[in-house]
Amino acid sequence: MGSGKSTVAGIFVEHGYRRLDSDQLVREEVLPDPEVIAAVEARFGRAVVLPEGGLDRSAVAGIVFNDDEARLWLEELVHPRLFALWRTRFSRESEASWVVEVPLLFEKGLENWFDFTICVATSYEQQLARLEERGIPRALAGQRISKQLPLAQKLEHADYVLLNDGSVDFLHEQIVRLLGSLTVAPRR
């Protein structure tokens, strides 16, 4: 969260990659699914359902980021549906080169899905500042970050690391160098 995954993915798109944003798929396709809504309501109560029938994501987040068992239950509900959407997108455009934003890549052992992995690294203070800019209170941002693997472990697992405490131009330069080192150019 707040590391710059979306910025990096956007730069990859500029260089010919197709983008798949896992958070967006969850928001727009998984969570609105009536089966998912019914399961979440059955588990957490009517208070997590908006008057128009969709899930109140803030209410759900308030529960799952305070209760690890609830968070893991929700992940077990959501992730298989997300992975099915990935498979569909990949098979629909099997010749494309993809950049996929995966917030819990290493936490969930998903790195084997991909040809290579990139960790977008930034300082904890920078993460908090970016999340505050998005309207997430500092304490809540810190709580959510604490549910992820520490940055040091992500750095160990990643095939490549991009540093994102500087300018967007510096980030872009790193990506251009990385793309130049890859043995396969993106397929459009």
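Topic: a nonpolar patch on the surface
A cluster of nonpolar side chains, contributed by Leu 151, Leu 155, Val 161, Leu 163 and Phe 170, occupies part of the molecular surface with about 370 Å² of accessible area. Following the sequence through the fold, Leu 151 ends up in helix H8 (residues 151–157).

Regarding the environment of Leu 50
By the element assignment, Leu 50 lies in the loop between helix H3 (34–44) and helix H4 (57–64). In the structure, Leu 50 is positioned 20 residues away from Val 30 in sequence and 16 Å away in space, judged by C-alpha atoms. Beyond its immediate chain neighbours, meaning those up to four positions away, Leu 50 contacts Leu 55 and Asp 56.

Describing the confidence of the model for the protein chain
Model confidence for the protein chain is summarised by a mean pLDDT of 92, while 97% of its residues fall at 70 or above. Per-residue pLDDT, averaged within each element of the protein chain, yields its smallest value for helix H7 (residues 138–145) (85) and its largest for H3 (98).

A look at the side chain of Asp 21
Considering the arrangement of structural elements, one finds Asp 21 in strand S1 (residues 18–21). For the buried residue Asp 21, which engages in no salt bridge, the nearest side chain bearing the opposite charge is Arg 27, 4.7 Å off. At a separation of 3.0 Å, a polar atom in the side chain of Asp 21 contacts the main-chain amide nitrogen of Asp 23.

Some details on helix H6 (residues 124–133)
Along H6, the residues that are buried comprise Gln 127, Leu 128, Arg 130 and Leu 131. The arc that holds every buried residue of H6, seen down its axis, measures 165°, which confines them to one face. Each element contacted by the buried residues of H6 is listed here: H7. Gly 135 lies just past H6 and shows a positive phi near 95°.

Considerations on the packing of helix H1 (residues 5–14) against helix H9 (residues 168–181)
Running from amino to carboxyl end, H1 crosses H9 at an angle of 50°, the nearest separation of the two axes being 10 Å. By the angle class used here, H1 and H9 are oblique. In this structure, the crossing between H1 and H9 has a hand that is right-handed. For the pair formed by H1 and H9, the contact residues are Thr 7, Val 8, Ile 11, Phe 12 and Glu 14 on the first element and Leu 171, His 172, Ile 175, Leu 178 and Leu 179 on the second. For the contact of H1 with H9, the residue count by class is seven nonpolar, two polar and one charged.

Describing the nonpolar core
Looking at soluble globular proteins, one finds that nonpolar side chains tend to be buried together. With 33 residues, the main nonpolar core has Val 40, Leu 55 and Trp 86 as its most contacted residues. Looking at this core, the elements that each hand over two or more residues are helix H2 (22–30), H3, H4 and helix H5 (68–92). It is H5 that provides the largest number of residues to this core, a total of nine residues. In this structure Val 40 touches Gly 45, Val 48, Leu 55, Val 60, Trp 73, Leu 74 and Leu 77, once residues within four positions along its chain are discounted.

Procedures and definitions
- Residues numbered from 1 in each chain as written.
- Predicted model: local features only at pLDDT ≥ 70, side-chain atom pairs only at ≥ 80, totals over all residues.
- Heavy atoms only, no water.
- Patch = residues over 30% accessible without salt bridge, like charges linked within 9 Å, V, L, I, M, F, W, Y side chains within 5 Å.
- Areas by Shrake-Rupley, 256 points an atom, 1.4 Å probe, with all protein chains shown as cover.
- Salt bridge = Lys/Arg side-chain N within 4 Å of Asp/Glu carboxyl O.
- Helix = DSSP H or I, 4+ residues; strand = E, 2+ residues; numbered from the N terminus.
- Contact = heavy atoms within 4.5 Å.
- pLDDT = per-residue confidence, 0-100.
- Buried < 20%, exposed > 50% of the residue type's maximum accessible area, 1.4 Å probe, protein only.
- Lys, Arg positive; Asp, Glu negative; His and termini not counted.
- Polar contact = N/O pair within 3.5 Å; in protein donor to acceptor, adjacent residues only side chain to side chain.
- Arc of directions from axis to C-beta.
- Axes fitted to C-alpha atoms, helices over the stretch in contact; angles between N-to-C directions.
- Parallel < 35°, antiparallel > 145°, perpendicular 65-115°, else oblique.
- Left-handed = near helix turned anticlockwise from the far one by under 90°.
- Nonpolar A, V, L, I, M, F, W, Y, C, P; charged D, E, K, R; others polar.
- Core = buried A, V, L, I, M, F, W, Y, C linked by side-chain atoms within 4.5 Å.

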